[in-house]
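Secondary and tertiary structure notes
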Protein chains: 2
Amino acid sequence: MNKIHLVGLGLLGGSFALAAKQKFPDLQLTGHDHNPQHLQDALGLGIISVAKTLPDPDSDLVILATPADTLEDLLIQTLAQIGPKTLVIDLGSTKSKLCDAVAHHPKRPQYLAAHPIAGTEYSGPKAADPGLLDRKVMILCELEKTDLQLKEKAYHLFDALNLKLRFMDPAEHDRHLAYVSHLSHLTSFMLGKTVLQKMEDEKNIFDMAGSGFSSTVRLAKSSPDMWGPIFLENKENVLAALDGYIANLTAFREKIAVEDRAGLKKEMVEINAIRGILDFGK
Amino acid sequence: MNKIHLVGLGLLGGSFALAAKQKFPDLQLTGHDHNPQHLQDALGLGIISVAKTLPDPDSDLVILATPADTLEDLLIQTLAQIGPKTLVIDLGSTKSKLCDAVAHHPKRPQYLAAHPIAGTEYSGPKAADPGLLDRKVMILCELEKTDLQLKEKAYHLFDALNLKLRFMDPAEHDRHLAYVSHLSHLTSFMLGKTVLQKMEDEKNIFDMAGSGFSSTVRLAKSSPDMWGPIFLENKENVLAALDGYIANLTAFREKIAVEDRAGLKKEMVEINAIRGILDFGK
């Protein structure tokens, strides 16, 4: 592992670079970000050492870490730019459209579809943290379509970064993430909105940290530039998840309205099973 | 402060007792819980030293820390049992119905309506923690109706426990809490339900800790015995908050459906203002 080029130097790309540099001190990191301030910050923070629009032909890896709706064009562009020994990895939160877009591309073996399940509500290079990816799950899709030797290069890096690898079909990935990630962000945004609307006429704001509010609404601080594209790229699955959620809310609302004490309790007791899932693998 | 009697020895009552005992080592703590196992646990954990159904006539305080729907009967019962120097404090999550119920009670000056904004998703005496209340907000209602000397006793204890006192009208309290606490719990339960439904046919569960899911759904582990009564006791405000929330979700859903990229971004940017509120007072 000698040379990595990054496109997108925000939270995820930046964290990836910082962690890789810790594990491989001689690594040369080049990269680009369309935001000049981010590019400047990334140089200052040592996320990359050289700013470059194009990867060097002998780059081992090109990592694409830009918003979900930019990845398709960027991936096709990047495949045209790389040499024969380079692997392109994207870190996007949706996988189906991207995998479909390059399904018959002649350089398909030089691409690996990846999604690290890691993030915070903050964004940009200043939010990057070399520990962000440590022991996190990395989902890989359509592994069989990636060249064996190039894949080995990726495994070598992922193992060094302590990533826990999982393998999923792209459609399964998108369906699954709609529920365990995209829906959480969406509901958190809407919770934030509902409270903010009320706050306009309620001046009496007090410390809500203990009420459970802050943990539930934390994701409403997330980047709109990142999450708008995710909701749209995974539109079908997100709408299905959202419709199921609204139906559940509406049914629960009805139980409150008619004061169905036993029904409310029974339903919440069943949902408490989430304890087992949250503790899964801990 | 010599003697406190507690009714309800769960997370909140237990934490209150443990913290008070740390600050006043000579304090005598008596109490009761209708759950025999909780009563046993509370004795074993030192939450109380003597199990008693009725408070001693010379108790300084009686703390009521039982589910919201039990408090009205319990408060009226307790006011009948106490001596003239005893103050009764309830720690319930809803305040209007309770304050109304005793508005014209001859012993109204011996009651203080309180609500500490503290809790976790766990319950029972084993979840009690002497640090739970430290530096948390304590909302007090209808202070003017409580006897001055008895109030001083309460202030003495609250200050010792490092509680940050706030004063609100009971109706304002219930309206406010519907948004910043009750709605968060409700949406978290429904998020848990929606994902659990999906999980039945999706075997591929992976570590979701990094996805934001676990913080958003944490409150779905909460006690149904506590939260069912809160939703019903504060029914009117909870339904209003929930209706606002469902309307917001539905409008956001529509923006996704028609791929209103700019509208989604604008809305999320506005919601990001929640950063300022979450950091309020930090």
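Residues take numbers from 1 onward in each chain, read along the sequence in its written order. Chains carry letters from A onward and ligands carry numbers from 1 onward, assigned in written order. Per-residue local features of the predicted model are confined to residues with pLDDT of at least 70, and side-chain atom pairs are confined, for both listing and counting, to 80 or more; whole-chain, interface and lining totals are unaffected and use all residues. Processing note: side-chain calculations cover all non-hydrogen atoms of the structure and skip hydrogens and water entirely.

Further remarks concern the overall build of chain A. Helix and strand definitions follow DSSP, with helices as H or I runs of at least four residues and strands as E runs of at least two, each counted in order from the N terminus. Summing up its helical and strand segments, chain A has eleven helices and eight strands in all. Projected onto its principal axes, the C-alpha coordinates of chain A cover approximately 70 × 40 × 35 Å. Each residue's exposure class comes from its accessible area (1.4 Å probe, protein chains only) as a fraction of the maximum for that residue type: buried when under 20%, exposed when over 50%, partly exposed otherwise. For chain A, the residues scored as buried account for 58% of the 282 residues in total. Here the analysis covers contacts within chain A between residues at least 6 apart in sequence; of these, 74% occur between residues at least 24 apart. When the accessible area of chain A is evaluated, it comes to approximately 11200 Å², of which 53% is carbon and sulfur surface. Computing the positive centroid from 31 side-chain charges and the negative centroid from 36, chain A places the two 3 Å apart. In this analysis, two residues are considered to be in contact whenever any of their non-hydrogen atoms come within 4.5 Å of each other. For every accessible area listed, the method is Shrake-Rupley and the probe measures 1.4 Å; residues are considered covered only by the protein chains on display. Neither His nor the chain ends contribute to the count of charged residues, in which Lys and Arg are positive and Asp and Glu negative. All charge positions are set by atom: Lys at NZ, Arg at CZ, Asp at CG, Glu at CD.

With an axial shift of 0.0 Å and an RMSD of 0.0 Å, the rotation relating chain B to chain A amounts to 180 degrees. The transformation relating the two chain copies, once decomposed into turn and shift, fits a two-fold axis. Residue Thr 216 of chain B of chain B places its C-alpha closer to the rotation axis than any other residue of that unit, at 2.2 Å. Take the interface residues of chain B: 99% of them recur as interface residues in chain A, which is what a same-surface contact looks like. C-alpha atoms of residues with pLDDT of at least 70 in both copies form the basis for the least-squares superposition of the copies.

All right, on to the packing of helix H9 (residues 235–257) of chain A against helix H9 (residues 235–257) of chain B then. Relative to each other, H9 of chain A and H9 of chain B sit at 160 degrees, their axes nearing to 11 Å. Taken together, the axes of H9 of chain A and H9 of chain B lie roughly antiparallel to each other. H9 of chain A and H9 of chain B meet at a crossing whose hand is left-handed. Counting all contacts with H9 of chain A, which are made through Lys 235, Val 238, Leu 239, Leu 242, Asp 243, Tyr 245, Ile 246, Leu 249, Thr 250, Arg 253, Ile 256 and Ala 257 of chain A, the residues of H9 of chain B involved are Lys 235, Val 238, Leu 239, Leu 242, Asp 243, Tyr 245, Ile 246, Leu 249, Thr 250, Arg 253, Ile 256 and Ala 257 of chain B. Only Asp, Glu, Lys and Arg are considered charged in this grouping, and only Ala, Val, Leu, Ile, Met, Phe, Trp, Tyr, Cys and Pro are considered nonpolar; every other residue, Gly among them, is considered polar. The residue makeup of the contact of H9 of chain A with H9 of chain B, split by class, is 16 nonpolar, two polar and six charged. Here the axes come from fitting lines to C-alpha atoms, over the contacting stretch only for helices, and the angles between their N-to-C directions go from 0 to 180 degrees. To sort the angles, those under 35 degrees are grouped as roughly parallel, those over 145 as roughly antiparallel, those from 65 to 115 as roughly perpendicular, and the leftovers as oblique. It is the rotation of the near helix from the far one that decides the hand of a crossing: anticlockwise by less than a right angle makes it left-handed, clockwise makes it right-handed.

Glancing now at the packing of helix H8 (residues 224–233) of chain A against helix H10 (residues 261–271) of chain B. The axes of two packed helices give the description: the angle between them and the distance between them. Between H8 of chain A and H10 of chain B, the least distance of the axes is 9 Å, while the angle of their chain directions is 135 degrees. It follows from the interaxial angle that H8 of chain A and H10 of chain B lie oblique. For the element pair H8 of chain A and H10 of chain B, the recorded crossing hand is right-handed. Contacts between H8 of chain A and H10 of chain B involve Pro 224, Asp 225, Trp 227, Gly 228, Phe 231 and Leu 232 of chain A on the former and, on the latter, Arg 261, Leu 264, Lys 265, Met 268 and Val 269 of chain B. In the contact of H8 of chain A with H10 of chain B, the residues fall into seven nonpolar, one polar and three charged.

Our next topic: the sheet that holds strand S2 (residues 28–32) of chain B. All names here are of chain B. Taken together, eight strands build an open sheet; the order of strands is S3-S2-S1-S4-S5-S6-S7-S8 and the sheet is mixed. Looking along the sheet, the strands with just one partner apiece sit at the ends: strand S3 (50–51) and strand S8 (164–168). With four bridges joining them, strand S6 (residues 111–116) and strand S7 (residues 137–141) adopt antiparallel strand pairing. Bridge pairing links Ala 113 to Cys 141 in S7. Seen against the sheet, helix H3 (residues 71–81) touches strand S1 (3–7), strand S4 (61–64), strand S5 (87–90) and S6 and runs at an angle of roughly 165 degrees to S4. Relative to the sheet, helix H5 (residues 148–160) contacts S1, S4, S5, S6, S7 and S8, its axis offset from that of S5 by approximately 50 degrees. For two strands to be treated as a pair, DSSP must find no fewer than two bridges joining them.

Here we take up the domain arrangement of chain A. Residue and element names in this part refer to chain A. Domain ranges listed in this record stem from an automatic or a database domain assignment. Each assigned domain of chain A is listed with its residue range as follows: domain 1 (3–168) and domain 2 (172–278). Placing the centre of domain 1 and that of domain 2 at their C-alpha centroids yields a distance of 31 Å. Taken residue by residue, the interface counts 16 residues in domain 1 and 16 residues in domain 2. Defined here as a combined quantity, buried area equals the accessible surface (1.4 Å probe) lost by two parts on assembly, summed across both. Of the roughly 1400 Å² buried between domain 1 and domain 2 on both sides combined, carbon and sulfur atoms contribute 61%. Throughout this description, the term salt bridge denotes a Lys or Arg side-chain nitrogen within 4 Å of a carboxyl oxygen of Asp or Glu. Counting every contact that joins domain 1 to domain 2 gives three salt bridges.

Residue and element names in this part refer to chain A. Ordered in space as S3-S2-S1-S4-S5-S6-S7-S8, the eight strands form an open sheet in which the pairing is mixed. Two strands lie at the open edges of the sheet, namely strand S3 (50–51) and strand S8 (164–168), each paired on one side alone. With respect to the sheet, helix H1 (residues 11–23) is in contact with strand S1 (3–7), strand S2 (28–32), strand S4 (61–64), strand S6 (111–116) and strand S7 (137–141), its orientation differing from that of S1 by roughly 165 degrees.

Another aspect to go through is the interface of chain B and chain A. Each side of the interface is counted separately: chain B has 91 residues, and chain A has 90 residues. Both faces considered, chain B and chain A share a buried interface measuring about 9000 Å² in area, 69% of it formed by carbon and sulfur atoms. Across the contact surface, chain B and chain A share ten salt bridges. Residue Asp 69 of chain B is joined to Arg 261 of chain A by a salt bridge in which the shortest nitrogen-to-oxygen separation is 3.0 Å. For this analysis, a polar contact is any N or O atom pair within 3.5 Å, provided that within protein one partner can donate a hydrogen and the other can accept it, and provided that sequence-adjacent residues contribute only side-chain to side-chain pairs. Where chain B touches chain A, the interface holds 27 residue pairs in polar contact (both at pLDDT 80 or more). Breaking the side of chain B that touches chain A down by element, the ones donating at least two residues are S7, S8, helix H6 (170–199), helix H7 (213–217), helix H8 (224–233), H9, H10 and helix H11 (274–278) of chain B. If one sorts the elements of the side of chain B that touches chain A by residue count, H6 of chain B sits on top with 23 residues. Of the residues contributing to the side of chain B that touches chain A, the split by class is 47 nonpolar, 22 polar and 22 charged.

All names here are of chain B. Examined against the element boundaries, Leu 112 turns out to sit in strand S6. Accessibility expressed as a relative area gives 0% for Leu 112, which makes it buried. The spacing of Leu 112 and Gly 31 is 81 residues in sequence and 19 Å in space, taken between C-alpha atoms.

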